[in-house]
Amino acid sequence: MDMLGLSCYVCLRFGRSDMAMNWIGFGSVYLLTGLFVGGLRSCNGGISSSYSRSNDISDDMPLSSDVFAVPPGYNAPQQVHITQGDHEGRGVIVSWVTPNEPGSSKVIYWAENTELKKHAYNTKYFYKVGTRDATRQFWFTTPPEVGPDVPYTFGLIGDLGQTFDSNRTLTHYESNPAKGQTVLFVGDLSYADKYPLHDNNRWDSWGRFVERNVAYQPWIWSAGNHEIDFLPEYGEGEPFKPYTHRYFVPYEASGSTSPLWYSIKRASAYVIVMSSYSAYGVSTPQYKWLMKELPKVNRSETPWLIVVMHCPLYSTYAHHYMEGETMRVMYEQYFVKYKVDVIFSGHVHAYERTERVSNIAYNIENGLCAPRNDEFAPVYITIGDGGNQEGLLYEMVDPKPKYSAFREPSYGHATFEIKNRTTAYYAWHCNQDGYSVEADSLWFHNLYWKSSSVVASF
Ligand SMILES: [Fe+2]
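Residues numbered from 1 in each chain as written. Predicted model: local features only at pLDDT ≥ 70, side-chain atom pairs only at ≥ 80, totals over all residues. Heavy atoms only, no water.

Trainee: Outline the coordination of the iron ion, listing residues and values.
Mentor: Those protein atoms acting as donors to the iron ion are D188 (OD), N225 (OD1), H310 (NE2) and H347 (ND1), and they sit at 2.1 to 2.3 Å. Between the four donor atoms coordinating the iron ion, the angles at the centre fall across 88 to 173°, so the site counts as irregular. (Donors = N, O, S within 2.8 Å, 3.2 Å for Na, K, Ca; no water. Tetrahedral: all angles 85-135°; square planar, octahedral: opposite > 155°, others 65-115°.)

What follows is the structure in structure tokens.
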């Protein structure tokens, strides 16, 4: 269970005017035309795709694969990855591993145009890690300043693993013309725990595999069950140890006491990350944190309220069916009350999107115990189809429940393109399709702004 590498991380931050300090920020601009199309698409009772793929389970790529190549040079930094470093998007955490000995923890960074040093938002930065002949250079662009009408595109990837299908998923995401700027990762990263003793070599190889993207754009992490890595019989009694030691998140900036649940603002979105595998009942730290968190979200500043959690609250696949039910019973009422726009999950190795439904009307006497249409409830999207070694799930609840709008067991990823405070465009892409093909899509109307009288004057 010991990590084979030695990890470093540096949190870079920027103030609005003190860019000469050892702090920077980041941002990126992606201008999208604002289109406005009426409400949720009518789904005619929903779709179970007729697409059928071969039932093969994909093997992990061998360690000799080029995607796992160790960078040249003694003790060269590897597994370089970035994520947001604070609550507002003015910081970035840069992490890497040195394989031979503790290396320099210094990050050298500079703006693409040094004349623009004081413009910390929407700026391309280059950065270097490592020393001498083992120095490696990358870049990222900093997000736009937080604001209600800032266009921004998130990618959605889940349950990725490190198979040949995982590689196809990442390539499709990189080649998607929608050009995601930040990935919301819905949990289950490396699947290293599928190996004897939860072989951390496979954590290392996964880090080298995804570096080609996550060194250049932030991935916002959430923990899945394959991050638990609980192995007390071998002396590893600390859950989530490899994950939390390798993938740092800015949880303290949102008042959280655990890296497993936290929030960030990014552009026009407020993203809440929750932990399906940490205590969440009344009076638990996660519960208390969320109860403080939801009322704090200012939809005039960040109109889009997005929740990420690994285990879906609604899924109509047979495998893992209703595993999220206790979490749903605990929290769905608050997600509806606070008008969460969309909840992204993984865990189920397939794709599914629900209608806007809720199941909160029930009390012990009224018999209202089935999901019903609710225009102010979140859309639930399961995007656990990254391509890990466990393969796809095919068995579905039949007949298809009405609350399921679209479901298909294919590998892929999705994008969520925020246009402005009222409108966002969502699309799911399958690996078997061309890069620009959308297998499922939906125009989102922001739940807060579509219900606010303010919208009339906007
Ligand atoms: Fe999972």
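Right, picking up where we left off after that structure.
Trainee: So what about the pairing of strand β12 (residues 269-273)? Which residues, and what values?
Mentor: Judged by how many residues are buried, β12 sits mostly within the fold: five of five residues are covered. A two-sided burial pattern is seen for β12, the buried positions comprising A269, V271 and V273 on one face and Y270 and I272 on the other. As paired strands, strand β11 (residues 262-266) and β12 are joined by five bridges and run antiparallel to one another. Bridge pairing links R266 to A269 in β12. If you look at the hairpin formed by β11 and β12, you'll find two residues sitting between the two strands, and A267 has a positive phi there, around 60°. Two elements, β12 and strand β13 (residues 304-308), share five bridges in a ladder whose sense is parallel. Bridge pairing in β13 links V271 to I306. In the classification by handedness, the crossover that spans β12, the intervening helix α4 (residues 285-296) and the parallel β13 is right-handed. (Buried < 20%, exposed > 50% of the residue type's maximum accessible area, 1.4 Å probe, protein only. Helix = DSSP H or I, 4+ residues; strand = E, 2+ residues; numbered from the N terminus. Pairing = 2+ DSSP bridges. Right-handed = clockwise from strand over helix to strand, strands pointing away.)

Trainee: Which residues make up helix α1 (residues 164-175), and what values do they have?
Mentor: Between its first and last C-alpha atoms α1 spans 16 Å; for 12 residues at 1.5 Å apiece the expected length is 16 Å, and the two agree. Restricting attention to buried positions, one finds in α1 the residues D165, S166, N167, T169, L170, H172 and Y173. With a side-chain oxygen positioned 3.0 Å from the backbone nitrogen of D165, the residue opening α1 is T163. (Expected span 1.5 Å × (residues − 1). Polar contact = N/O pair within 3.5 Å; in protein donor to acceptor, adjacent residues only side chain to side chain.)

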